[in-house]
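# Geometric and topological summary
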Amino acid sequence: MIERKRYLDKLIRKKENGLIKVITGIRRCGKSFLLFNIYHSYLNSIGVKDEQIIELALDDDANIMYRNPLELGKYIRSMIVDTNKKHYVFLDEIQKVATIKNPYLEDSAEKIGFVDVLLGIMKIKNVDIYVTGSNSKMLSSDILTEFRGRGDEIRVNPLSFAEF
């Protein structure tokens, strides 16, 4: 396994900083592996239990229901069971979450998407959020703008010559 220490160190420095960590980069550069394997292992090594790490790969057909932003929010909130412990939310391929019409406002054109859900969840005191995304909908400038100053980008590149 290639350690990707440079990116792990960035995640460690940004840990619990009150912002949504947005991991961006081209397809197949290691974003998911960095989050689900390397960073997850690091958290375990400092005493964070697996029950405190909520992982969801939104490109997995088993998780297709969570592409609805309201279902995604319900699921994440249901997994935050111990309010005395920090929970880490890892969402892979966040751009897969659809934007839907607000079902509570019948006559409104208002839409709800993943940004609304994540901004709500980020208000929960014992939650630290990490998301990945790679396609044109997830251009770093666009996503950070949508989070209105509450996002913190970690840009991942393919393996460097030294890593290779």
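Scroll up to find the structure.
Structure report, in brief.

Parameters at a glance
Residues numbered from 1 in each chain as written. Predicted model: local features only at pLDDT ≥ 70, side-chain atom pairs only at ≥ 80, totals over all residues. Heavy atoms only, no water. Core = buried A, V, L, I, M, F, W, Y, C linked by side-chain atoms within 4.5 Å. Buried < 20%, exposed > 50% of the residue type's maximum accessible area, 1.4 Å probe, protein only. Helix = DSSP H or I, 4+ residues; strand = E, 2+ residues; numbered from the N terminus. Pairing = 2+ DSSP bridges. Axes fitted to C-alpha atoms, helices over the stretch in contact; angles between N-to-C directions. Contact = heavy atoms within 4.5 Å. Parallel < 35°, antiparallel > 145°, perpendicular 65-115°, else oblique. Left-handed = near helix turned anticlockwise from the far one by under 90°. Nonpolar A, V, L, I, M, F, W, Y, C, P; charged D, E, K, R; others polar. Arc of directions from axis to C-beta. Phe/Tyr/Trp six-rings, centres within 6.5 Å; stacked < 30°, edge-to-face > 60°.

### As for the nonpolar core
- Formed by 24 residues in total, the largest nonpolar core has its most connected members in Ile20, Leu72, Leu91, Ile94, Leu118 and Ile129.
- Taken together, the elements giving at least two residues each to this core come down to strand 1 (20-24), strand 2 (53-57), helix 3 (69-79), strand 3 (87-92), helix 4 (114-121) and strand 6 (127-133).
- With six residues, the single largest contributor to this core is helix 4.

### Remarks on the sheet that holds strand 2
- Strand order across the open sheet formed by five strands is 2-3-6-1-7, with parallel pairing between neighbours. Two strands bound the open sheet, and with one partner strand each, they are strand 2 and strand 7 (151-155). In this sheet, neighbouring strand axes are inclined to one another by 15 degrees on average, regardless of whether the strands run parallel or antiparallel.
- Note: strand 2 against strand 3, five bridges, orientation parallel. What sits directly across from Glu55, in strand 3, is Phe90.
- On the sheet, helix 1 (residues 5-14) packs against strand 1, strand 6 and strand 7 and is oriented at approximately 170 degrees with respect to strand 7.
- Along the sheet, helix 3 contacts strand 2 and strand 3; its crossing angle with strand 2, the most-contacted strand, is approximately 155 degrees.

### Quick word on the packing of helix 3 against helix 4
- Across the interface, helix 3 lies against helix 4 with an axial gap of 9 Å and an inter-helix angle of 20 degrees. When the axis of helix 3 is compared with that of helix 4, the two are roughly parallel. The two elements helix 3 and helix 4 meet at a crossing, and its hand is right-handed. Residues Pro69, Leu72, Gly73, Ile76 and Arg77 of helix 3 form the contact with helix 4, whose participating residues are Phe114, Val117, Gly120 and Ile121.
- A class-by-class count of the residues in the contact of helix 3 with helix 4 yields six nonpolar, two polar and one charged.

### A closer look at helix 1
- Within helix 1 the residues assigned to the buried category are Tyr7, Leu8, Leu11 and Lys14. Buried residues of helix 1 fall within an arc of 130 degrees about the axis and therefore sit on the same side.

### A look at the packing of aromatic side chains
- Here the structure, examined in full by the defined rule, presents six aromatic pairs.
- Taking 5.9 Å as the distance between ring centres and 35 degrees as the angle between the ring planes, the aromatic pair formed by Tyr39 and Phe90 counts as tilted. Taken together, the residues span a long stretch of sequence, with Tyr39 in helix 2 (residues 31-45) and Phe90 in strand 3 at a distance of 51 residues. An identical accessibility class is assigned to Tyr39 and Phe90; each is buried.
- Residues Phe90 and Tyr130 carry aromatic rings whose centres are separated by 5.5 Å and whose planes lie at 85 degrees to one another, so their mutual orientation is edge-to-face. With a gap of 40 residues between them, Phe90 in strand 3 and Tyr130 in strand 6 connect regions that are remote in the sequence. In terms of burial, Phe90 and Tyr130 fall into one category: buried.

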